[in-house]
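Given next are the chains, with one letter for each unit.
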Amino acid sequence: MQTALSLTPDARSEVVEALNQSIAEVSICRALARGFSVNVTGMARRTLSELFATIADRHYGVDELRLANRVLALESHVEMTEASRLKRSKIAEHDGHAVDIEMIKTLCDAQLTLAETLAGTAAIAERHGDGVTQSVCCDIQEQCEFAAAELGGFLR
């Protein structure tokens, strides 16, 4: 395993590009979850609102920061504008006008897309010997898959 700074410039650039993709999607997932936690209605409102808020808080409080710290360790720049993140993200934003089942499905799909992106970022990091980034991405990927499974339980 190499240190972040021992990676070649090309390797560092590729890992940073993948990390910024992951950060963009974490940001969009957070916005979806936060918006849905406020706007959800129906019989399971409280349960879903708390679940959505927990997902939003995890992405904001931990995941985005962990990924951003990897970018900084690679002596690069984290894309900060929402516009650049929206443009980059495979996850679309949502205006929050939906019934609870649509919100659950949308957020579940977003979590799975994010997990897929993180798996790709981990693979790039592994190929370049960046074990720390690989580990961070795999950990967050696992949490996204768990959240998707938890959300999926409401769809059955």
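Because the structure is predicted, anything quoted here is derived from the model rather than measured. (Residues numbered from 1 in each chain as written. Predicted model: local features only at pLDDT ≥ 70, side-chain atom pairs only at ≥ 80, totals over all residues. Heavy atoms only, no water.)

1. Concerning the overall build of the protein
Point 1. Counting its secondary structure elements, the protein contains 5 helices and 0 strands.
Point 2. In the protein, the succession of α and β elements from N to C terminus is α-α-α-α-α.
Point 3. Relative to a compact globule of 156 residues, whose C-alpha radius of gyration would be 15 Å, the protein shows 16 Å and is just as compact.
Point 4. Residue burial in the protein is summarised as follows: out of 156 residues, 48% are buried.
Point 5. Summarising the internal contacts of the protein: among those between residues at least 6 apart in sequence, 80% fall at separations of at least 24.
Point 6. Of note, the protein has its 15 positive side-chain charges centred 2 Å away from the centre of its 23 negative side-chain charges. (Helix = DSSP H or I, 4+ residues; strand = E, 2+ residues; numbered from the N terminus. Rg over C-alpha atoms; globule rule 2.2 N^0.38 Å. Buried < 20%, exposed > 50% of the residue type's maximum accessible area, 1.4 Å probe, protein only. Contact = heavy atoms within 4.5 Å. Lys, Arg positive; Asp, Glu negative; His and termini not counted. Charge placed at Lys NZ, Arg CZ, Asp CG, Glu CD.)

2. Observations regarding the packing of aromatic side chains
Point 1. Taken as a whole and judged by the stated rule, the model has 1 aromatic pair.
Point 2. Ring geometry for Phe 36 against Phe 52: centres 6.0 Å apart, planes inclined by 55°, an arrangement best described as tilted. Here Phe 36, found in helix 1 (residues 9–39), pairs with Phe 52, found in helix 2 (residues 45–73); they are 16 residues apart in sequence, far enough to count as distant. Each of the two residues, Phe 36 as well as Phe 52, counts as buried. (Phe/Tyr/Trp six-rings, centres within 6.5 Å; stacked < 30°, edge-to-face > 60°.)

3. Some points on the side chain of Glu 64
Point 1. In this fold, Glu 64 is placed in helix 2.
Point 2. Among the polar contacts made by the side chain of Glu 64, one reaches the side chain of Arg 85 at a distance of 2.5 Å.
Point 3. Excluding anything up to four places from it in sequence, Glu 64 contacts Ile 23, Val 26, Ser 27, Arg 30, His 59 and Arg 85. (Polar contact = N/O pair within 3.5 Å; in protein donor to acceptor, adjacent residues only side chain to side chain.)

4. So, the nonpolar core
When a protein is soluble and globular, its nonpolar side chains tend to lie buried together.
Point 1. Phe 52, Leu 67, Leu 107 and Leu 151 are the most contacted members of the largest nonpolar core, which has 44 residues in total.
Point 2. Every element with two or more residues in this core is listed here: helix 1, helix 2, helix 4 (100–127) and helix 5 (131–152).
Point 3. When neighbours within four sequence positions are excluded, Leu 151 is seen to be in contact with Leu 51, Phe 52, Ile 55, Ile 104, Leu 107, Cys 108 and Gln 111. (Core = buried A, V, L, I, M, F, W, Y, C linked by side-chain atoms within 4.5 Å.)

5. With respect to the confidence of the model for the protein
Point 1. On average, the protein scores 92 in pLDDT, and the residues at 70 or more come to 98%.
Point 2. Across the protein, the secondary-structure element scoring lowest on mean pLDDT is helix 3 (residues 82–88), at 89, and the one scoring highest is helix 4, at 97. (pLDDT = per-residue confidence, 0-100.)

6. Digging into helix 4
Point 1. Its 28 residues place the ends of helix 4 41 Å apart at the C-alpha level, agreeing with the 40 Å of an ideal helix rising 1.5 Å per residue.
Point 2. A positive backbone phi angle near 80° is found at Gly 129, which sits one or two residues after helix 4. (Expected span 1.5 Å × (residues − 1).)

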